[in-house]
Amino acid sequence: VLLVVSLGATGYSDNLLRAQVSEETRALRQSLAQTIRDPQALERTIETRRVELEAFYGLDDPWFQRLPPTVLRVLRLDLGEARSLRTADGSREIGAIVRERLPYTVLLLTTSSIVTAVAGLVVGVRMATRAGSRLDRAFAYAAAISFAVPAWWLGILFILIFAFRLEWLPSGGMLSTPPPTGEWDRLRDLAWHALLPIATIVVVSVGPYIYTVRTMTLAVAQEDHVLLARAKGLSDRRITSRHILRVAAPPIVTGLVLGLAGSLSGSILVETIFNWQGMGRLYFDAVGALDEGVIVALTFIFTLLYVVLRFFLDVLYVLLDPRVRLAA
């Protein structure tokens, strides 16, 4: 409701659609000027086409009648057609474009999130058990550097080192030229090209997550129930798994899930640098091509993914925290 009101009442939607109409009539004028020499006939033709386009986009109706059906179509993932972007087989349907690009972004984000989660748990718990040591201070500095390094700068640095200087990995793209023909060969080639983008996302995200795990684990390790478990003579492994990590799991999982949602915006830069044809690169191409429909659709998709992740987080809370189940 707030989106409809903000887009309609401020006149943003009308201005966006009128700009679309102006662009199409301008292109029509350039094409017809070569065949219609009479200026008055040309203007009548252009004006007739302008009226048709305004009726097509619903500009002859007020915004409060036009936008609600549009929002309902977006909620049904009926996203319309793109102006200039296409799928690999030439389709202009925005839904088809998104479905084609989405698996590649999921591949990057899911893989990087798994690596970040494993490294964060292993290193973060290790730091918490040795708080104040040289190892703890070293990883704290590394986490701060990881948080501060821009993803685009690190991606370019990785390309210079691993692709151009050492020639270990490809500098970009998703498949070699020419691409492999077999299915398994294509998958291996795709994974080979995904190594550098995944490494870039992991490096810029693992530091903050390690420090989050370390802080949460250290805070729980100082609580009374952990001291009681140590007084009972339980082993360190049992104390860590049953009495520390189990209690600290909800905030740790929260940091991981929200970090995954936040990495959606970072993937725009990483995918653009490595020419990875995912949702992030599609967003960049849509902005460069001034394809408003694709921009709005991708914004909705990113928001929808964030909402789904938040819902998934609520479900995990019920599974991880028995106090939530008891309260329910």
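For the structure itself, look to the data block above.
Residues numbered from 1 in each chain as written. Predicted model: local features only at pLDDT ≥ 70, side-chain atom pairs only at ≥ 80, totals over all residues. Heavy atoms only, no water.

1. So, the overall build of the chain
Assigned secondary structure in the chain consists of 13 helices and 0 strands. Along its sequence from the N terminus, the chain presents helices and strands in the succession α-α-α-α-α-α-α-α-α-α-α-α-α. Against the globule reference of 20 Å for 328 residues, the chain gives a C-alpha radius of gyration of 26 Å, more extended than a compact globule. Based on the C-alpha atoms only, the size of the chain along its principal axes is roughly 95 × 55 × 35 Å. Sorting the 328 residues of the chain into buried and exposed places 35% on the buried side. Intrachain contacts of the chain at a sequence separation of at least 6 include 65% that bridge at least 24 residues. When the accessible surface of the chain is split by element, carbon and sulfur atoms take 64% of a total near 19500 Å². In the chain, which carries 33 positive and 29 negative side-chain charges, the distance between the mean positions of the two groups comes to 11 Å. (Helix = DSSP H or I, 4+ residues; strand = E, 2+ residues; numbered from the N terminus. Rg over C-alpha atoms; globule rule 2.2 N^0.38 Å. Buried < 20%, exposed > 50% of the residue type's maximum accessible area, 1.4 Å probe, protein only. Contact = heavy atoms within 4.5 Å. Areas by Shrake-Rupley, 256 points an atom, 1.4 Å probe, with all protein chains shown as cover. Lys, Arg positive; Asp, Glu negative; His and termini not counted. Charge placed at Lys NZ, Arg CZ, Asp CG, Glu CD.)

2. What about the pattern of salt bridges?
Side-chain pairs of opposite charge can arise whenever the charged atoms involved come near each other. For the structure shown, the criterion picks out 8 salt bridges. In this structure, the salt-bridge partner of Arg 281 is Asp 285, at a minimum N-O distance of 3.0 Å. Pair noted here: Arg 281 and Asp 285 are both in helix α11 (residues 279-288), with a separation of 4 residues, about one helical turn. In this structure, Arg 281 and Asp 285 share a single accessibility class: buried. (Salt bridge = Lys/Arg side-chain N within 4 Å of Asp/Glu carboxyl O.)

3. Some details on the environment of Gly 278
Residue placement: Gly 278 occurs in the loop between α10 (236-273) and α11. Gly 278 gets classed as buried once you look at its relative accessible area, which sits at 0%. Along the primary structure Gly 278 and Ala 55 are separated by 223 residues, whereas in three dimensions their C-alpha atoms are 35 Å apart. Here Gly 278 is in contact with Arg 101, Tyr 104, Thr 105 and Glu 271, once residues within four sequence places are set aside.

4. A look at the nonpolar core
Ranked by size, the top nonpolar core spans 24 residues in total, and within it Leu 108 and Trp 276 carry the most contacts. Breaking this core down by element, the ones donating at least two residues are α5 (94-129), α7 (151-165) and α8 (183-221). Counting residues per element, this core draws most heavily on α8, at 9 residues. Apart from residues no more than four positions distant in its own chain, Trp 276 is found in contact with Tyr 104, Thr 105, Leu 107, Leu 108, Gly 173, Met 174, Leu 190, His 193, Ala 194, Glu 271 and Arg 281. With 16 residues, the next largest nonpolar core counts Val 98, Val 294, Leu 298 and Ile 301 among its residues. (Core = buried A, V, L, I, M, F, W, Y, C linked by side-chain atoms within 4.5 Å.)

5. Regarding the packing of aromatic side chains
With the rule as written, the count across this model stands at 6 aromatic pairs. Aromatic rings pair up to connect Phe 158, Phe 162 and Trp 168 into one cluster. (Phe/Tyr/Trp six-rings, centres within 6.5 Å; stacked < 30°, edge-to-face > 60°.)

6. Quick notes on the side chain of Thr 105
For Thr 105, the location among the structural elements is in helix α5. Residue classification places Thr 105 among the buried positions, given a relative accessible area of 3%. Excluding residues within four positions of it along the chain, Thr 105 makes contact with Ser 267, Glu 271, Trp 276, Gly 278, Met 279 and Gly 280.

7. Section: the packing of α5 against helix α12 (residues 292-320)
Close contact between α5 and α12 brings their axes to 11 Å; oriented N to C, the two are set at 50°. With respect to each other, α5 and α12 are oriented oblique. Where α5 crosses over α12, the handedness of that crossing is right-handed. Here Ile 94, Val 98 and Leu 102 of α5 lie close against α12, whose contacting residues are Gly 293, Val 294, Ala 297, Leu 298, Ile 301 and Leu 305. (Axes fitted to C-alpha atoms, helices over the stretch in contact; angles between N-to-C directions. Parallel < 35°, antiparallel > 145°, perpendicular 65-115°, else oblique. Left-handed = near helix turned anticlockwise from the far one by under 90°.)

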